[in-house]
Amino acid sequence: MSELPDCLYCRKDQRLHDLMLEIAPLGASMLYLFKEQSHRGRCVVAYRGHVNELFELADPELTAFMRDVARAAQAIKAAFKPNKINYGAYSDKLPHLHMHLVPKYEGGVNWGAPFEMMPANRKLPNEAECTALIAAIRAKL
Ligand SMILES: [Zn+2]
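Let us look at the structure shown here. (Residues numbered from 1 in each chain as written. Predicted model: local features only at pLDDT ≥ 70, side-chain atom pairs only at ≥ 80, totals over all residues. Heavy atoms only, no water.)

### A word on the layout of surface pockets
Point 1. As a volume, the largest pocket reaches approximately 280 Å³.
Point 2. Looking at the lining of the largest pocket, the elements that each hand over two or more residues are helix H1 (8–11) and strand E5 (98–104).
Point 3. Considered class by class, the residues forming the lining of the largest pocket number 9 nonpolar, 3 polar and 2 charged. (1 Å grid on protein atoms, 1.4 Å probe; cavity = no way out; pocket = protein on both sides within 12 Å on 5 of 7 lines; lining within 4 Å. Points joined across faces, edges and corners; volume = space filled by probe spheres on them. Helix = DSSP H or I, 4+ residues; strand = E, 2+ residues; numbered from the N terminus. Nonpolar A, V, L, I, M, F, W, Y, C, P; charged D, E, K, R; others polar.)

Here it is, written out as structure tokens:
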């Protein structure tokens with residue numbers, strides 16, 4: 001077995017499971033539900049390979065990844081009807097290409113401002129609620 005980088009997206013270990021739940025594999029990535037749901041429907045699209053920057057991808061992979069991002073955003077929009085979806089790719093401390101898809105609701109949390117990566121007052125739905133959120137997104141993919 002090849003040695004994977006010490007990366008939660010590559011190893012899919014407890015660090016990953018503490019933060020997010022699998023929704024579905026997409027063309028070039030995996031779509032996850034982010035457990036912290038201050039922004040209802042918040043997800044992460046993680047590229048399948050251990051690369052850091054968008055410019056490290058050849059055009060077909062870049063196109064496939066951005067298509068996955070757009071597809072996931074469209075599903076979130078259809079499932080939860082946010083007013084806007086914010087896109088965040090930071091990765092300062094985790095060099096694996098992934099994008100946060102954060103639905104924003106007019107008058108709601110962080111509306112008109114950047115979303116908080118991990119709000120102080122975390123909103124953590126229970127297992128049944130997470131299952132329902134995942135089903136709602138899967139139905140619109
Ligand atoms: Zn990785």
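### Thoughts on the coordination of the zinc ion
Point 1. Looking at the zinc ion, the protein donor atoms are Cys7 (SG), Cys10 (SG), His50 (ND1) and His96 (ND1), and they sit 2.0 to 2.3 Å from it.
Point 2. Note that the zinc ion binds 4 donor atoms; their angles at the metal cover 103 to 119°, and the shape is tetrahedral.
Point 3. Ordering the donors of the zinc ion by residue number gives the pattern C-x2-C-x39-H-x45-H. Taken together, the positions of Cys7 in the segment before H1 and His50 in the loop between strand E3 (43–47) and helix H3 (59–80) put the pair 43 residues apart, joining distant regions of the chain.
Point 4. For Cys7, a relative accessible area of 1% puts it in the buried group. (Donors = N, O, S within 2.8 Å, 3.2 Å for Na, K, Ca; no water. Tetrahedral: all angles 85-135°; square planar, octahedral: opposite > 155°, others 65-115°. Buried < 20%, exposed > 50% of the residue type's maximum accessible area, 1.4 Å probe, protein only.)

### Focus on the state of the cysteines
Point 1. Summed over the entire model, instances satisfying the criterion amount to 0 disulfides.
Point 2. The thiol of Cys130 is not disulfide-bonded; the next cysteine sulfur, from Cys43, is found 11 Å away. (Disulfide = S-S within 2.5 Å.)

What is shown is where atoms sit, not what they do.
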